[in-house]
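Given next are the chains, with one letter for each unit.
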Amino acid sequence: MSVDLKKFGADIKNACKEVTGDKNETNWALFGYEGQTNVLKLVSTGEDGLEELVEDFNPSKIQYAFIKVEDPKTSLPKFVLINWQGESAPGSRKGSCAMHLRDVEQFMAGHHLTYVVRNEDELDINLILEKVSKVTASSFNFKQKPTGMEHSPAPVG
């Protein structure tokens, strides 16, 4: 059965806009299913990054998180969609919800990376930032002065 993104769709979209916006401090939003249905709803939001978000994941549920991280090389915001498949979640539920991921990805457009995790050990901010850097091809470092420019001739004119 497909995921229902209509019932709470406006709440989900608004939460994602809060995360991507610059006008507030919200940097993550967590979504989960309403009971044992396929209706996706907003569970919580927060301002303290991955450390705070990890506390809200439930090991017996399938959940999704939309989080803002800062690319360490460019200092630009990047967005990650986390698909949490709790270790204690029933196998049949994991299977049916795996089919929802594509619809959730399309609905929560604007993320740079989809990251599937099963436990808290896989939620390492350094690993996530490394993957974000790879998929966004952000190899240029805006924080460092380029090398090889020290002895460049002065501009002509």
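These numbers come from a predicted model, not from an experiment.

### With respect to the overall build of the chain
At step 1: In terms of helices and strands, the chain carries five helices and five strands.
At step 2: Along the chain, from the amino end to the carboxyl end, the secondary structure elements read α-β-β-α-β-β-α-α-β-α.
At step 3: Counting across all 157 residues of the chain, residues that qualify as buried make up 40%.
At step 4: For the chain, the exposed surface amounts to about 9300 Å²; the carbon and sulfur share of it is 50%.

### Structural notes on the environment of Ser2
At step 1: Mapped onto the secondary structure, Ser2 falls in the segment before helix H1 (9-20).
At step 2: Sequence-wise, Ser2 and His100 are 98 residues apart; in three dimensions their C-alpha atoms are separated by 6.4 Å.
At step 3: Beyond its immediate sequence surroundings of up to four residues, Ser2 is in contact with Asn38 and His100.

### Some points on helix H5 (residues 125-136)
Each α-helix winds once per 3.6 residues, and so residues spaced three or four apart point in a common direction.
At step 1: For H5, spanning 12 residues, the distance from its first C-alpha to its last is 16 Å, which sits close to the expected 16 Å at 1.5 Å a residue.
At step 2: Of the surrounding elements, those touching the buried residues of H5 are helix H2 (49-56), strand S3 (62-70), strand S4 (77-85) and strand S5 (113-117).

### Points about the nonpolar core
One recurring pattern in soluble globular proteins: nonpolar side chains tend to sit buried together.
At step 1: Grouped together as the largest cluster of nonpolar side chains are 20 residues, with contacts concentrated most on Phe31, Tyr33, Leu40, Tyr64, Phe66 and Met108.
At step 2: Of all the elements in the fold, those that place two or more residues in this core are H1, strand S1 (28-33), S3, S4 and helix H4 (101-107).
At step 3: Excluding its chain neighbours within four sequence positions, the residues that come into contact with Phe31 are Ile12, Ala15, Cys16, Leu40, Lys41, Leu42, Val43, Gln63, Tyr64, Phe66 and Met108.
At step 4: The next biggest cluster of nonpolar side chains, apart from the first, holds 19 residues, and it includes Leu50, Val80, Ile82 and Ile128.

### Side note on a negative patch on the surface
At step 1: There is a patch of like negative charges on the surface, built from Glu25, Glu47, Asp48, Glu51, Glu55, Asp56, Glu87, Glu120 and Asp121.
At step 2: Tracing the chain through its elements places Glu87 in the loop between S4 and helix H3 (91-98).
At step 3: The exposed category is assigned to Glu87, whose relative accessible area is 53%.

### Observations concerning the sheet that holds S1
To summarise the sheet geometry, strands pair through backbone hydrogen bonds and adopt either a parallel or an antiparallel arrangement.
At step 1: Read across the sheet, five strands follow the order S2-S1-S3-S4-S5 without closing on themselves; strand pairing throughout is mixed. Edge positions in the sheet fall to strand S2 (40-46) and S5, since each of these pairs with one other strand and no more. On average, each strand axis in the sheet is tilted by 20° relative to the strand beside it, whichever way the strands run.
At step 2: With respect to the sheet, H1 is in contact with S1, S2, S3 and S4, its orientation differing from that of S1 by roughly 160°.
At step 3: Lying on the sheet, H5 is in contact with S3, S4 and S5; it crosses S5 at an angle near 145°.

### Some thoughts on the packing of aromatic side chains
For any pair of aromatic rings, the description rests on two quantities: the centre-to-centre distance and the angle between the ring planes.
At step 1: Within the structure shown, the criterion is met by three aromatic pairs.
At step 2: Centroid distance Tyr33 to Tyr64: 6.0 Å. Interplanar angle 65°. Geometry classified as edge-to-face. Of the two residues, Tyr33 is situated in strand S1 and Tyr64 in strand S3; the sequence distance between them amounts to 31 residues. Taken as a pair, Tyr33 and Tyr64 share a single burial class, namely buried.
At step 3: Consider the rings of Phe66 and Phe79, whose centres lie 5.9 Å apart with planes at 5°: the pair is stacked. Placement of the pair is Phe66 in strand S3 and Phe79 in strand S4, with a sequence separation of 13 residues. For the pair Phe66 and Phe79, a shared accessibility class is recorded, and that class is buried.

Thresholds applied
- Numbers given to residues run from 1 along each chain, matching the order in which its sequence is written.
- Side-chain atom pairs in this predicted model are given and counted only at pLDDT of 80 or more, local residue features only at pLDDT of at least 70, and totals for whole chains, interfaces and linings cover all residues.
- Excluding hydrogens and water, the side-chain values take into account all heavy atoms of the structure.
- Strands here mean DSSP runs of E at least two residues long; helices mean DSSP runs of H or I at least four residues long; both are numbered from the N terminus.
- We call a residue buried when its accessible area falls under 20% of the maximum for its residue type, exposed when it is over 50%, and partly exposed in between, using a 1.4 Å probe and counting protein chains only.
- Only the protein chains shown count as cover for residues, and all accessible areas are computed by the Shrake-Rupley method using a 1.4 Å probe.
- The contact rule is simple, with two residues in contact once any of their heavy atoms fall within 4.5 Å.
- For a helix, the expected span equals 1.5 Å multiplied by the residue count minus one.
- Residues grouped as a nonpolar core are buried Ala, Val, Leu, Ile, Met, Phe, Trp, Tyr and Cys residues, joined through side-chain atoms within 4.5 Å.
- For patch detection, residues must exceed 30% relative accessible area and be free of salt bridges, and they are connected within 9 Å for like charges or within 5 Å for nonpolar side chains (Val, Leu, Ile, Met, Phe, Trp, Tyr).
- For this document, the term salt bridge refers to a Lys or Arg side-chain nitrogen within 4 Å of an Asp or Glu carboxyl oxygen.
- Counted as positive: Lys and Arg. Counted as negative: Asp and Glu. His and the chain ends are not counted at all.
- Where a charge lies is defined by one atom per residue type, namely NZ (Lys), CZ (Arg), CG (Asp) and CD (Glu).
- Between any two strands, pairing holds if DSSP finds at least two bridges.
- Axis lines are fitted through C-alpha atoms, for helices just across the contact stretch, and the angle between N-to-C directions can take any value from 0 to 180 degrees.
- Side-chain rings of Phe, Tyr and Trp (the six-membered ring for Trp) are treated as a pair once their centres are within 6.5 Å; stacked means planes under 30 degrees apart, edge-to-face means over 60, and tilted covers the remaining angles.

The values are spatial; any link to function lies outside them.
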